[in-house]
Every structure is written in C-alpha cells, then in structure tokens.
Amino acid sequence: MTPKPIYGNVSSFATGTNVELDDDIEVRKFPEHFIWGSATSSFQIEGAHDADGKSESIWDRFCSVPGNIVDGSNGDKACGHYELYRNDVALMKDLGLSAYRFSIAWTRVLPTIGGEVNEAGIGFYDRLVDELLEAGITPFPTLYHWDLPQALEDQGGWTNRQTAYAFADYAEATVERLGDRVETWTTLNEPFVSANHGYLSGEHAPGKQSMDDYLTASHYLLLAHGLASQRIRSLAPKAKVAIVLNFTSIEPATNSPQDQAQAQTQDDLENRWYVEPISGMGYPAETAQQLGWDQSEVLEGDLQIISDPVDLLGINFYTRNVVSADDSPQTKEFGTTDMDWEIHPPSFGKLLRRLNDDYNFPALMITENGAAMPDQKRIGNQINDQDRIDYLRRHIAQVHSAIDNGVPIVGYLAWSLFDNFEWAWGYTGRFGLVEVNFETLERIPKLSADWFSSVISSNEISIPAADMTGGPLNTWPVEPIFLPNPESA
Ligand code: GCO
C-alpha cells in the first residue's frame, strides 16, 4: 500500500486562521493537512522482552538492578503492545490520529553484534506498519529511543565510536525492510537525554556518571545520526530524514551576570549542543572550552556527516527551567505536573520562534508534548483529566500562534498515547491519553483522549478568552498565552 504523503510542499505552507466566536471563546483553526497524532516508544509499551529472538537491551539490564527504578518495575510486560498492537491501532483509528510515532527496538532487529537480521523481530514492525497504513495512519518510526543492545554497551556503548557505525548498519537493515512503506525516518530520540541521563547523571541506563563519557557519547550519538542519515538516503532516496531533539527553555532567575552565565551554560549543554552541530554550526565553543573538552573524538569530516541536512526537526517540549548560579529553588509560576515539572506554555511559543529564527529547518514537528497528571478523578469509569486537557490546549495554542507567525510546524504529536513505563519512574508517571490497567492490560481512553479526538476531527481548538487575558482558570492562573508577535509588539 502506498503511504499518503505526510507533509506537502512546505514552502507553500499555509497559516491557520482565527475565528472569534464570541467574547468568551476564540476558535483557532489549523492549516489544512496539519498532522495530528500521538507518540510512544518500544521499551515503554511493547513488553515481550525476550520474545521471538529479542536480545537484552541496556534498559532490560538497568531495570534488573535494585534501586534503579522507583517502583522496582521493568519493561517485561509493559502495555503488552507487542501482542495487542492490532487492538491498539484500532484505538488510534477511533481517535482519528493521522500519524503514529513509535520506535523500533534495535534488539529485535539485530539481536547480536554483526549477526543476521532477526526476521521474527523485524516482522513485528512490518505487520505494525501494514496495520497502520490499512487504518489510514501514517507510520512515523524512530530508530533509536534509548534501548541500546546490551552487547554494544559491554563494548563501551555510546562512548565507543564503533556504536555509531553499528547504528548505521541497523538503520540500513531496517530501512531495507520497511523503506517501501515508511516515508519519514527519525534517527534518534533526544540524544541529550541518552548522553546526559545515561552517562552523566546516571539516572537512566546504562547508569554511568562521568562528564568525559557524556561529552564523548554526545558526539558519537550525533555521528550515528549523520551516518544513518547518509545510509537512509542512499537506500531510499525519496525518504525524509528527521531527528527528534528535546528542548527545555532555560531562563536566568535574575539579571545578575552569575545567573545569566549559568543559564547560558545550561542552554548550551541541553539545547544548542545538539541542534547546532546538526545545523552545521559545530558545538557551542565557549561551553566546550569551559568544560575542558578537547574534542579529540571529533575526527575530520565528522561535523560534515552530522550536518547532513535533515528534512524535519522533531521537537519534544515539556517544561522550562529557571536557573540560578547558587542553585536556589525557584517558584513555579503556573504550577507543576505530577512529575513536578513546571507548566509554562509561553516558553513553548518563545522556543518555537527562536528555533525558526536561529536555524534553518525546512519543517518542524512537535513530536512530543504532554503531561503526567495525578489522574485521581473519575466520571464513571473514565479518568476526568481536565488538568491534562488544559495543559494540552495551552501548548497547542502556542503552536497555532507560532504557525501564525510563520513558523513551519507541520504537525503535533501528543505524548503519550498510553500510560506506560516512564523510565526511572516506572509506572508511577502517567502521561497517557489512554489509561492502561497494568494488571489486565485494559485500555480506557481518558477524557483528554476524547477532547484530543475532537480537536483532530475539527482541526481547531477553542480557547477561553480568560486564557488570553489572564485571570484564574481551572487549575492554575495564567498569563496571556499568546506571546505578542515580535513584529507588532
Ligand atoms: C522523553 C522521552 C519519553 C518520555 C517522556 C516523558 O522525551 O523523555 O521521549 O520517552 O517518556 O518525555 O518523560
């Protein structure tokens, strides 16, 4: 089956329109063909940890160490998506998703280093892609969402340059099998988190804690992206290549030079460190120097490989971080989610404009945005998550506003379709639009799923005027959610 194109000619990108309904509600219409979807990742939902020849990943290993995961859980069963995928695709169809972002487990496709492709493992994704296309949903696979084969970690993982080449081989094997039906390939999900949480803070697999390892891993991850991108293009010349980066808005707590310097360093490390090499600008020089990084891993030609132009930048956004040189705790202006992450929609709008002003990506897509919420209230059987709806609506409003300002955003994917394995938080952080009972594996759409579904079918959001003028609304007070257009301000 031929996939339908997921984004057309971005140069003729049309902006949305706004309709004032009455004094209380404003309706914001999205451009025609705007992509609405949801996202998940392999380890977080699939389960079937040793099925059909899959080998151990760093997350299988990490979960087996007591104390690593707050609730002592693992991904052995997760949402049981490996068995229930048909049911799940039917659910996506009911919700009206036009795209589904999922990730492919390297350990299913190539269970051993340098070994043969595991037909049973890739077969799962082959069937999933067909099922999605059959349902009219565009498959949007990510090749790497953190579940590195443990066998590669045993040889240094992302601190070993060979892992980047192994990734390109894995990309090739996957694209050879699915490239006839997949239009857009995402190489990596959030290399910052892979490198930082995995090799510096140690809160994620493989749990290392070294600044040298962080720096090395960040470079080999980006190299892996570039090598895979070249491989994908040579195998599937019509394919679009994307990378998904996470961005956290970093603000200095005060105007003091110390706080500003701290904010600059953090912004460099978390945000610019990845987007700039990809854009051909190299690593942020001042911060690299401050950290004493001699860049000896960066061989001649690497930066060119890394900056092989992408067709699409995927943006994951959740929160902002107000930083001070003395690390003092900051007030969370508009409240927090259940993860204690600050809710700050205006920062999202600001970030989208900044990415468009500072870099030159032909298209942007929101590949993750969402919130863990307490999910304690119910109406009958259904979770009444008005707080999650508020979060989503305010962030989607920022997307609309950015589009109106000419930022070429082609789609919005909510994180996440399901409650799932939230890494070191186990099953305690619930981000789903759909509730999952982890005993019975029953799926029950939350109120937010119904709301999101109506946004998709109408291709618009309705915003209470109070959201734009300030004043208390629902669960937290707001400031104007639309940043003024810099031109007209
Ligand atoms: C990420 C990952 C997801 C997380 C989500 C919530 O962005 O960190 O892509 O796997 O579950 O972000 O933390």
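Every value quoted in this text rests on a predicted model; they were computed, and no experiment measured them. All residue numbers here refer to positions counted from 1 along the written sequence of the relevant chain. Per-residue local features of the predicted model are confined to residues with pLDDT of at least 70, and side-chain atom pairs are confined, for both listing and counting, to 80 or more; whole-chain, interface and lining totals are unaffected and use all residues.

Trainee: Is there a simple way to think about the overall build of the protein chain in this case?
Mentor: A count of helices and strands for the protein chain gives 16 helices and 17 strands. Two things to know: the radius of gyration comes from C-alpha atoms, and the globule rule equals 2.2 Å times the number of residues to the power 0.38. For 489 residues, the compact-globule estimate of 2.2 N^0.38 gives 23 Å, and the protein chain sits close to it at 21 Å. Expressed along its principal axes, the backbone C-alpha trace of the protein chain runs to roughly 65 × 55 × 50 Å. Among the 489 residues that make up the protein chain, the fraction classed as buried is 52%. Placing C-beta atoms from the backbone, we regard two residues as in contact once those atoms come within 7 Å. Look at the contacts in the protein chain between residues 6 or more apart in sequence, and 76% of them connect residues 24 or more apart. Helix and strand assignments come from DSSP, with helices taken as H or I runs of at least 4 residues and strands as E runs of at least 2, each series counted from the N terminus. Put simply, a residue is buried when 20 or more other C-beta atoms lie within 10 Å of its own C-beta and exposed when 12 or fewer do; between those, it is partly exposed, and each C-beta is set from the backbone.

Trainee: Would you mind going over the confidence of the model for the protein chain with me for this structure?
Mentor: Note that predicted coordinates carrying low pLDDT should not be read in detail. Confidence of the predictor at the level of single residues is given by pLDDT, which spans 0 to 100. Counting all residues, the mean pLDDT for the protein chain is 91, and 90% of those residues have values of 70 or more. Low pLDDT, under 50, characterises residues 1–17; the predicted model gives this stretch 36 contacts beyond four residues in sequence or across chains. Of the regions scoring below 50 in pLDDT, residues 469–489 engages in 39 contacts with residues more than four places distant in sequence or in other chains.

Trainee: Whenever I open this one, the packing of helix 13 (residues 345–358) against helix 14 (residues 386–404) confuses me. Can you help?
Mentor: Helix-helix packing is described using two parameters, namely the angle between the two axes and the distance between the axes. Inter-axis angles, ranging from 0 to 180 degrees, are taken between N-to-C directions of lines fitted to C-alpha atoms, where helices are fitted over the stretch in contact. The interhelical angle for the contact between helix 13 and helix 14, taken along N-to-C directions, is 30°, at an axis separation of 8 Å. Between helix 13 and helix 14, the angle is such that the two are roughly parallel. As for the relative orientation of helix 13 and helix 14, their crossing is right-handed in sense. Side by side, helix 13 and helix 14 meet where Pro345, Phe348, Gly349, Leu352 and Arg353 of the first sit next to Arg394, His395, Gln398, Ser401 and Ala402 of the second. Ten residues, namely Ala, Val, Leu, Ile, Met, Phe, Trp, Tyr, Cys and Pro, are considered nonpolar, four, namely Asp, Glu, Lys and Arg, are considered charged, and the remaining ones, Gly among them, are considered polar. Tallied by class, the residues present in the contact of helix 13 with helix 14 amount to 4 nonpolar, 4 polar and 2 charged. Put simply, angles under 35 degrees are roughly parallel, angles over 145 are roughly antiparallel, angles from 65 to 115 are roughly perpendicular, and the rest are oblique. Left-handed describes a crossing whose near helix is turned anticlockwise from the far helix by less than a right angle; the clockwise case is right-handed.

Trainee: Sorry if this is basic, but what is going on with the site of the ligand here?
Mentor: By convention here, the C-beta atom is placed from the backbone, and a residue is near a molecule or strand when that atom is within 6 Å of it. Residues in contact with the ligand, as listed here, are Ser41, Gln44, Asn189, Glu190, Val193, Asn246, Asn316, Glu368, Trp415, Glu422 and Phe431. Its residues assigned to classes, the shell around the ligand comprises 3 nonpolar, 5 polar and 3 charged.

Trainee: Can you help me understand the sheet that holds strand 4 (residues 99–103) in this one?
Mentor: The strands making up a sheet are joined through hydrogen bonds of the backbone, oriented either antiparallel or parallel. In spatial order, the strands read 3-4-5-6-7-8-9-12; together these 8 strands close into a barrel with parallel pairing. Looking at each pair of strands side by side, their axes are set apart by 30° on average, direction ignored. Relative to strand 9 (residues 364–368), strand 8 (residues 312–323) runs parallel, the two being bridged by 4 bridges. Directly across from Gly314, in strand 9, lies its bridge partner Met365. The rule for pairing is simple: two strands pair if DSSP sees at least two bridges between them.

Trainee: How should I be thinking about the environment of Ile25 in this particular structure?
Mentor: Topologically, Ile25 is positioned in strand 2 (residues 25–29). With 14 C-beta atoms packed within 10 Å, Ile25 lands in the partly exposed category.

Trainee: Can you help me understand the environment of Ala263 in this one?
Mentor: In this fold, Ala263 is placed in helix 10 (residues 257–278). Distance in space between the C-alpha atoms of Ala263 and Ala363 is 28 Å, their sequence separation being 100 residues. Setting aside its immediate chain neighbours within four residues, Ala263 contacts Ile250, Glu251, Pro252 and Val323.

Trainee: Would you mind showing me how to read helix 14 here?
Mentor: Count 3.6 residues to each turn of an α-helix, and residues three or four apart come out pointing the same way. Take the residue count of a helix, subtract one, and multiply by 1.5 Å to get its expected span. For helix 14, spanning 19 residues, the distance from its first C-alpha to its last is 27 Å, which sits close to the expected 27 Å at 1.5 Å a residue. In terms of residue burial, helix 14 counts as a mostly covered element, since 17 of its 19 residues are buried. Gly406 occupies a position one or two residues after helix 14 and carries a positive phi of about 90°.

Trainee: Looking at this model, I keep getting lost on the packing of helix 8 (residues 191–199) against helix 9 (residues 211–235). Mind explaining?
Mentor: The contact between helix 8 and helix 9 brings their axes to 9 Å, and the two run at 155°. As the angle between them shows, helix 8 and helix 9 are arranged roughly antiparallel. Judged by the sense of rotation from one axis to the other, the crossing of helix 8 with helix 9 is right-handed. Contacts between helix 8 and helix 9 involve Pro191, Ser194, Ala195, Asn196, Gly198 and Tyr199 on the former and, on the latter, Asp213, Tyr214, Ala217, Ser218, Leu221 and Leu222. Of the residues assigned to the contact of helix 8 with helix 9, the class counts are 7 nonpolar, 4 polar and 1 charged.

Trainee: Quick question: what am I supposed to make of the nonpolar core here?
Mentor: As used here, a nonpolar core is made of buried Ala, Val, Leu, Ile, Met, Phe, Trp, Tyr and Cys residues. They are joined through C-beta atoms within 7 Å. Ranked by size, the top nonpolar core spans 132 residues in total, and within it Phe167, Ala224, Leu313, Ile315, Leu364, Ile409 and Phe452 carry the most contacts. The dominant element in this core, judged by the number of residues it contributes, is helix 9, at 11 residues. Setting aside its immediate chain neighbours within four residues, Ile315 contacts Leu245, Phe247, Leu355, Leu364, Met365, Ile366 and Thr367. By size, the runner-up hydrophobic cluster in this structure holds 5 residues, among which are Ile250, Ala253, Ala263 and Val322.

Trainee: How should the pairing of strand 4 be read in this particular structure?
Mentor: Successive side chains on a regular strand alternate, one facing one side of the sheet and the next facing the other. Counting buried positions over the 5 residues of strand 4 gives 5, a clear majority of the element. Along strand 4, one buried face is formed by Ala99, Arg101 and Ser103 and the opposite face, lined by Tyr100 and Phe102, is buried too. Alignment of strand 3 (residues 35–39) against strand 4, held across 3 bridges, turns out to be parallel. Among the inter-strand pairings, Ala39 is bridged to a residue of strand 4, identified as Arg101.

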